[in-house]
Every structure is written in C-alpha cells, then in structure tokens.
Number of protein chains: 2
Amino acid sequence: MIERIIPFTRSLLTQVLTKDSIVVDGTAGNGHDTLFLAENAKHVYSFDIQQEAILSTEAKLKAAKLRERVTLIHDGHEKFASYVSEAEIDAAIFNLGYLPGSDKSVITLADTTLKAVEDMLAALKRGGLLILVVYYGHDGGKEEKEELLQYVEALPQKQYDVLRYGFINQKNDPPFLLAIGKK
Amino acid sequence: MIERIIPFTRSLLTQVLTKDSIVVDGTAGNGHDTLFLAENAKHVYSFDIQQEAILSTEAKLKAAKLRERVTLIHDGHEKFASYVSEAEIDAAIFNLGYLPGSDKSVITLADTTLKAVEDMLAALKRGGLLILVVYYGHDGGKEEKEELLQYVEALPQKQYDVLRYGFINQKNDPPFLLAIGKK
C-alpha cells in the first residue's frame with residue numbers, strides 16, 4: 001500500500017521520463033536501473049567504477065535488445081562532466097553507499113559523491129529530477145549520509161525541492177530516498 | 001512533479017478508501033479533510049475541540065450534500081474510543097500541532113496526541129492507514145514532534161510500516177507527513 005523505496009523511485013522517474021529524455025545512471029551496479037531507464041528514455045549514460053558491473057549491465061541490455069540506447073562508462077560518476085556533453089539532463093539516479101548483496105568494501109565516498117551530485121544538479125534541466133538512494137549501513141556510511149544531508153538541506157528552496165522518503169521503524173539502517181527536483 | 005504534502009496525503013488515502021470505508025478525521029479544522037473523506041468513504045467520524053471548526057465543517061458538508069455521511073464530534077481525538085464503537089477503521093488522518101492560518105495558542109499536545117495515535121492504531125484494521133501531518137513551528141511543537149517520532153520509530157516493523165515524507169530544504173519548519181500502514 002505504501003510504496004517501498006525502489007517502486008517509489010520508479011514512480012517518480014516514470015512521471016518525468018519521455019521518449020526524448022536524456023538520463024544518467026550514476027551507479028550501474030547490477031544494471032536494473034539502467035535497464036529501466038533504457039526502456040523509458042531516449043538515451044542513458046551509465047557509469048560504474050567496477051568492470052564487472054559494466055559487463056553485467058551490458059549483458060542485461062543486450063538481452064533486452066536495448067544496448068544501443070546506452071553509453072556505458074567504466075569510471076566514477078564524479079567524472080560525469082568529462083564524458084557527457086549533453087547540455088540538459090532530464091533525470092538521473094545514483095545509488096550511494098554500497099551495492100546491496102555485494103562487496104561492502106567497494107563504496108561511494110563523501111567527496112566524490114558530493115562532487116557528482118553538484119555536477120549533476122548543474123547539468124539537470126528545469127523540471128528535471130535527481131534521485132539518490134542512500135545506503136549507509138557500512139563503515140563510513142553514516143558520515144557520508146550526514147555530509148550528504150547537510151549539503152542537500154542547504155540547497156536553495158527557490159531552485160530545488162528536496163524530498164526525503166523513508167521508512168523510519170526498520171532495523172539495520174534501511175536505505176532512504178532523496179529526490180531533488182530542479183525548479 | 002514531486003507531490004507536496006497534502007496532495008501526497010490524498011494519493012495515499014485514495015489508494016486505501018472504498019465506498020465501504022469507515023474513516024476518522026481526528027482534527028476537522030477547516031473541514032477540508034473531512035469533506036475529502038466524505039466524498040470517498042462510507043462514513044466519517046470527525047473530531048475537533050473547537051466549536052467553530054465543527055460548525056464550519058458542518059457548513060462545508062451541507063453545501064456538498066454530504067452531511068449525513070459524517071458524525072461530527074465536538075471533543076478531542078484522544079476520546080475516540082468513547083465515541084466510536086466500529087470495530088475496524090480503514091483510515092484516519094490527524095493534523096498535529098496547530099491549524100495553519102489560525103490561532104497558534106490552540107495546539108495539540110504530546111500526551112493527548114500519543115494516546116490518540118495509540119488508540120487509533122489499535123482500532124485500525126489490517127491494511128489500514130493512519131496519516132499524521134505534523135506541524136511543529138509553534139511553542140512546544142518541537143517537543144511534541146520529538147516525542148511522536150520516538151513513539152512511531154519504535155513501532156514493531158512486523159506489524160507496521162512507518163513512512164516519513166517531507167521536504168528537507170525549506171525554511172520555517174514546514175510540516176511533514178507520517179504514514180503508518182498496519183500489516
């Protein structure tokens with residue numbers, strides 16, 4: 001009844017995406033988000049620092065015959081501006097922290113995360129949406145979360161809506177969602 | 001694009017309500033929620049401690065020819081159990097804090113709020129929904145908010161989903177939403 005984090009993320013994206021949308025997946029991971037974006041947009045730029053993630057995302061896209069809609073980039077999302085020259089991005093999604101079900105030693109870090117978020121917001125068009133899914137149940141996760149919250153809480157409300165969506169009675173540091181809409 | 005608090009509240013209620021629903025408005029206030037509930041449910045029990053709120057809600061209902069669907073109760077929502085004998089409530093909404101645009105000296109208080117929430121959850125049927133819209137920009141508001149958060153964060157996750165939904169980059173203590181789903 002009350003949408004979980006991932007379905008709610010998709011509901012938000014579905015409202016924004018059209019067949020002409022240019023979008024970014026900042027953390028390809030297992031490829032689920034990239035595939036969803038490829039199904040619902042014109043073109044996806046999909047980043048990951050792990051070769052394995054790039055390969056498994058590529059396999060998923062090929063199986064769905066959507067490979068040509070995606071530029072796969074084996075690098076960190078903080079390098080976004082070096083790879084993408086599109087002036088205006090319609091939507092982006094970053095999974096922050098670790099990839100659930102995988103090696104918790106490969107994590108995003110506050111410095112690169114904040115740079116990636118900042119650059120992404122600059123590239124977002126008006127009416128565009130940046131979604132951050134924040135996993136923080138790992139070493140250093142709470143610090144990254146706090147720095148990120150401090151940053152987004154300070155975004156000027158005339159330019160951005162920052163929604164926090166999360167379940168607050170769950171154990172084991174469940175992920176929560178930050179949805180940033182550019183006005 | 002990202003739904004504000006009140007529209008999101010209505011989206012959640014719309015998903016739960018049917019023509020057979022029995023619902024509660026814990027704080028009639030200006031009558032907007034009671035009217036919305038009357039339009040979308042079988043019967044509404046609507047409480048307010050202010051006679052003025054009861055009268056203005058009654059006027060709204062009469063104008064919409066929905067007066068007979070609502071039992072108006074001039075008392076606090078913490079007295080819920082004394083007035084309502086229905087075994088199972090489908091949904092309820094409480095606005096906590098003060099009534100926006102009105103006298104900030106008439107406020108809800110932590111003690112009565114917690115009793116009202118506790119009784120309401122007990123009366124809620126499985127699959128039912130309790131929505132709390134929390135205004136806290138008044139004297140004592142932050143204390144009420146903290147006590148309430150402590151209470152809902154401790155609700156067992158096997159029995160309840162507790163969603164917090166709010167914009168976190170706004171000035172002047174904007175209200176936020178707590179949606180509690182009973183499993």
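Computed from a predicted structure; not experimentally measured. (Residues numbered from 1 in each chain as written. Chains lettered and ligands numbered in written order. Predicted model: local features only at pLDDT ≥ 70, side-chain atom pairs only at ≥ 80, totals over all residues. Heavy atoms only, no water.)

(A) Region of interest: the packing of aromatic side chains. Counted by the stated rule, this structure contains 14 aromatic pairs over all chains. On the basis of an interplanar angle of 90° and a centroid distance of 6.3 Å, the ring pair of Tyr 165 of chain A and Phe 167 of chain A is categorised as edge-to-face. Each member of the pair, Tyr 165 of chain A together with Phe 167 of chain A, is buried. Clustering of aromatic rings is evident, with ring pairs tying together Phe 8, Tyr 165 and Phe 167 of chain A together with Phe 8, Tyr 165 and Phe 167 of chain B. (Phe/Tyr/Trp six-rings, centres within 6.5 Å; stacked < 30°, edge-to-face > 60°. Buried < 20%, exposed > 50% of the residue type's maximum accessible area, 1.4 Å probe, protein only.)

(B) How the structure looks around the interface of chain B and chain A. With 31 residues of chain B in contact, the opposing surface of chain A contributes 31 residues. Between chain B and chain A lies a buried interface of about 2400 Å² when both sides are counted; carbon and sulfur atoms form 61% of it. Three residues stand out in chain B for area buried against chain A, namely Met 1, Ile 168 and Asn 169 of chain B, and they jointly supply 31% of the buried area on that side. Where chain B meets chain A, there are two salt bridges. Our count for the chain B to chain A interface comes out at 14 residue pairs in polar contact (both at pLDDT 80 or more). (Contact = heavy atoms within 4.5 Å. Buried area = accessible area lost by both parts, 1.4 Å probe. Salt bridge = Lys/Arg side-chain N within 4 Å of Asp/Glu carboxyl O. Polar contact = N/O pair within 3.5 Å; in protein donor to acceptor, adjacent residues only side chain to side chain.)

(C) Expanded view of the nonpolar core. If you look at the biggest cluster of nonpolar residues, it comprises 60 residues, and the most contacted ones within it are Leu 13, Ile 131 and Tyr 165 of chain A together with Leu 13, Ile 131 and Tyr 165 of chain B. Look past the residues within four positions of Leu 13 of chain A in its chain and what remains in contact with it is Phe 36, Leu 37, Ala 91, Ile 93, Leu 129 and Ile 131 of chain A. (Core = buried A, V, L, I, M, F, W, Y, C linked by side-chain atoms within 4.5 Å.)

(D) A look at the packing of helix H2 (residues 32-40) of chain B against helix H3 (residues 51-63) of chain B. All names here are of chain B. With their axes 9 Å apart at the nearest point, H2 and H3 run at an angle of 35° to one another. The crossing of H2 and H3 is right-handed. On the side of H2, the interface is formed by His 32, Thr 34, Leu 35 and Ala 38, while H3 contributes Thr 57, Lys 60 and Leu 61. Its residues assigned to classes, the contact of H2 with H3 comprises three nonpolar, three polar and one charged. (Axes fitted to C-alpha atoms, helices over the stretch in contact; angles between N-to-C directions. Helix = DSSP H or I, 4+ residues; strand = E, 2+ residues; numbered from the N terminus. Left-handed = near helix turned anticlockwise from the far one by under 90°. Nonpolar A, V, L, I, M, F, W, Y, C, P; charged D, E, K, R; others polar.)

(E) Structural context of the packing of helix H5 (residues 110-123) of chain B against helix H6 (residues 141-153) of chain B. Residue and element names in this part refer to chain B. At a minimum axis distance of 9 Å, the contact between H5 and H6 shows a crossing angle of 30°. Classified by the interaxial angle, the pair formed by H5 and H6 is roughly parallel. The handedness of the crossing between H5 and H6 is right-handed. Here Ala 110, Thr 113, Leu 114, Val 117, Glu 118 and Leu 121 of H5 come into contact with H6, specifically with Glu 144, Glu 147, Leu 148 and Tyr 151. Per-class residue counts for the contact of H5 with H6 are six nonpolar, one polar and three charged. (Parallel < 35°, antiparallel > 145°, perpendicular 65-115°, else oblique.)

(F) Layout of the pattern of salt bridges. Counted according to the given criterion, the structure contains 18 salt bridges over all chains. Where Glu 58 of chain B meets Arg 67 of chain B, a salt bridge forms, and the shortest distance between an N and an O atom there is 2.9 Å. By relative accessible area, Arg 67 of chain B is classed as partly exposed at 26%. With a closest N to O distance of 2.8 Å, Lys 125 of chain B and Asp 90 of chain B form a salt bridge. Of this pair, Lys 125 of chain B sits in strand E5 (residues 124-134) while Asp 90 of chain B is found in strand E4 (residues 89-96), placing the two residues 35 residues apart along the sequence. Using a relative accessible area of 10% as the deciding quantity, one classes Asp 90 of chain B as buried. Each of the salt bridges in this network shares a partner with another, and the network as a whole consists of Arg 4 of chain A together with Asp 161 and Lys 183 of chain B.

(G) Helix H2 (residues 32-40) of chain A, seen in detail. Of all the positions in H2 of chain A, only Asp 33, Thr 34, Leu 35, Phe 36, Leu 37 and Ala 38 of chain A are classed as buried. The elements touched by buried residues of H2 of chain A are helix H1 (5-16), strand E1 (22-25), strand E2 (43-47), helix H3 (51-63), strand E3 (70-73) and strand E4 (89-96) of chain A.

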